[in-house]
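Survey of secondary and tertiary structure
Single-letter residue listing:
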Amino acid sequence: MNSPVSHDQVVDRQFGPRAAAYLSSAVHAQGADLEQFAALAREHAGARVLDLGCGGGHVSFQVAPHAAHVTAYDLSQAMLDVVAAEAARRGLDNLATCRGKAERLPFADGEFDLVLCRYSTHHWQDPGLALREARRVLKPGGVAAFADVVSPGEPLLDTWLQALEVLRDSSHVRNYSVAEWLRLLAESGFVLRGCTPRRITLDFAAWVERMRTPAPLVAALRHMLAHAPEPVHRHYAVAADGSFSSDTATLVAQRA
């Protein structure tokens, strides 16, 4: 029997070997939400920025030209190594990497003007704690922005979304609904500035290949999508090849 592993170890095991794939992923390297983050950096030119859960570093690369300094922060050292190498290739000498988890940030109170987090929050074990840490490291009046896939909030649609995500990626914790996000932000001491809903289309083959989902689980995912009830099939716009669309949201909040 295998020894139990921590959630942090599961996350590192899932993403470390896939770091290069996330750097080249079209889903992660582009998008209106990424452009919105870049616009925030331009609005706060010369800011000190924390890219929280940086993954392949796309947020860091977008905002670094407008920032005084960017810290790319992630649990996976392999991800950080890829980000550091790409930053050097691009000549972004104001970008540094730092390893750790969202719930325990190794930074001083008020160290950053901006905290940006994209496609990472669904891995957090304790979202309330992580958000309180994000608030702590922001200067008074500092801005945080969080972009991720969100649950539609309806029980049937939510159950299917979480099931698909955890079959594809065992480090998945939860995609929160916008209502859950608003509650979490308020409880963590943030004031909402705006929420932008969007949709993202996921090519099934690329979606599972990026995570190297084991073949039996890929088969289970294909079976689930092929036999999804009509409300699920309609909402997620499930295609014949298993590709589908998900809801996303970008929430911009301010430290009171």
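A short tour of the structure in this document, coming up.

Parameters and conventions
- Residues numbered from 1 in each chain as written.
- Predicted model: local features only at pLDDT ≥ 70, side-chain atom pairs only at ≥ 80, totals over all residues.
- Heavy atoms only, no water.
- Helix = DSSP H or I, 4+ residues; strand = E, 2+ residues; numbered from the N terminus.
- Buried < 20%, exposed > 50% of the residue type's maximum accessible area, 1.4 Å probe, protein only.
- Contact = heavy atoms within 4.5 Å.
- Areas by Shrake-Rupley, 256 points an atom, 1.4 Å probe, with all protein chains shown as cover.
- Expected span 1.5 Å × (residues − 1).
- Salt bridge = Lys/Arg side-chain N within 4 Å of Asp/Glu carboxyl O.
- Axes fitted to C-alpha atoms, helices over the stretch in contact; angles between N-to-C directions.
- Parallel < 35°, antiparallel > 145°, perpendicular 65-115°, else oblique.
- Left-handed = near helix turned anticlockwise from the far one by under 90°.
- Nonpolar A, V, L, I, M, F, W, Y, C, P; charged D, E, K, R; others polar.
- Pairing = 2+ DSSP bridges.
- Arc of directions from axis to C-beta.

1. Section: the overall build of the protein chain
On a plain count of helices and strands, the protein chain comes out with twelve helices and seven strands. Classification of the 256 residues of the protein chain by burial places 53% in the buried group. Residue pairs in contact within the protein chain that sit at least 24 positions apart in sequence constitute 77% of those at least 6 positions apart. If you sum the accessible surface of the protein chain, you get close to 11,100 Å²; carbon and sulfur atoms cover 55% of it.

2. Focus on helix H4 (residues 32-43)
Here H4 spans 16 Å end to end across twelve residues, near enough to the 16 Å set by a 1.5 Å rise per residue. When H4 is considered as a whole, its buried residues turn out to be Asp33, Leu34, Gln36, Phe37, Ala38, Leu40 and Ala41.

3. So, the pattern of salt bridges
The tally for this structure, following the rule as stated, stands at twelve salt bridges. A salt bridge links arginine 174 to aspartate 158; the shortest N-O distance between them is 3.0 Å. Pair noted here: arginine 174 is in the loop between helix H8 (155-168) and helix H9 (178-187) and aspartate 158 is in helix H8, with a separation of 16 residues, a long-range link. Three or more residues joined by partner-sharing salt bridges are found here, namely Glu86, Arg89 and Arg90.

4. Side note on the packing of helix H10 (residues 204-211) against helix H11 (residues 215-226)
In a packed pair of helices, the relevant descriptors are the angle between the two axes and the axis-to-axis distance. It is the contact of H10 with H11, at a shortest axis distance of 11 Å, that shows an interaxial angle of 150°. Overall, the two elements H10 and H11 adopt an arrangement that is roughly antiparallel. The two elements H10 and H11 meet at a crossing, and its hand is right-handed. Counting all contacts with H10, which are made through Phe204, Trp207 and Val208, the residues of H11 involved are Val218, Leu221, Arg222 and Leu225. Across the contact of H10 with H11, the residue classes break down as six nonpolar, no polar and one charged.

5. Section: the side chain of glutamine 36
For glutamine 36, the position within the fold is in helix H4. Not counting chain neighbours up to four residues away, the residues in contact with glutamine 36 comprise Thr196, Arg198, Thr250 and Val252.

6. Topic: the pairing of strand S3 (residues 95-99)
The side chains of a regular strand alternate, residue by residue, between the two faces of the sheet. In this structure, strand S2 (residues 69-74) lies alongside S3, joined through five bridges in parallel fashion. Across the sheet, residue alanine 72 finds its bridge partner in S3, namely threonine 97.

7. Topic: helix H6 (residues 77-90)
Taking 1.5 Å per residue, 14 residues should reach 20 Å; H6 reaches 20 Å between its end C-alpha atoms and fits that length. Burial in H6 covers these residues: Met79, Leu80, Val82, Val83, Glu86 and Ala87. End-on, the buried residues of H6 take up no more than an arc of 160°, which puts them together on one face. The outward face of H6, more than 90 degrees from its buried face, is lined by the exposed residues Ala88 and Arg89. At the C-terminal side of H6, glycine 91 shows a positive phi close to 75°.

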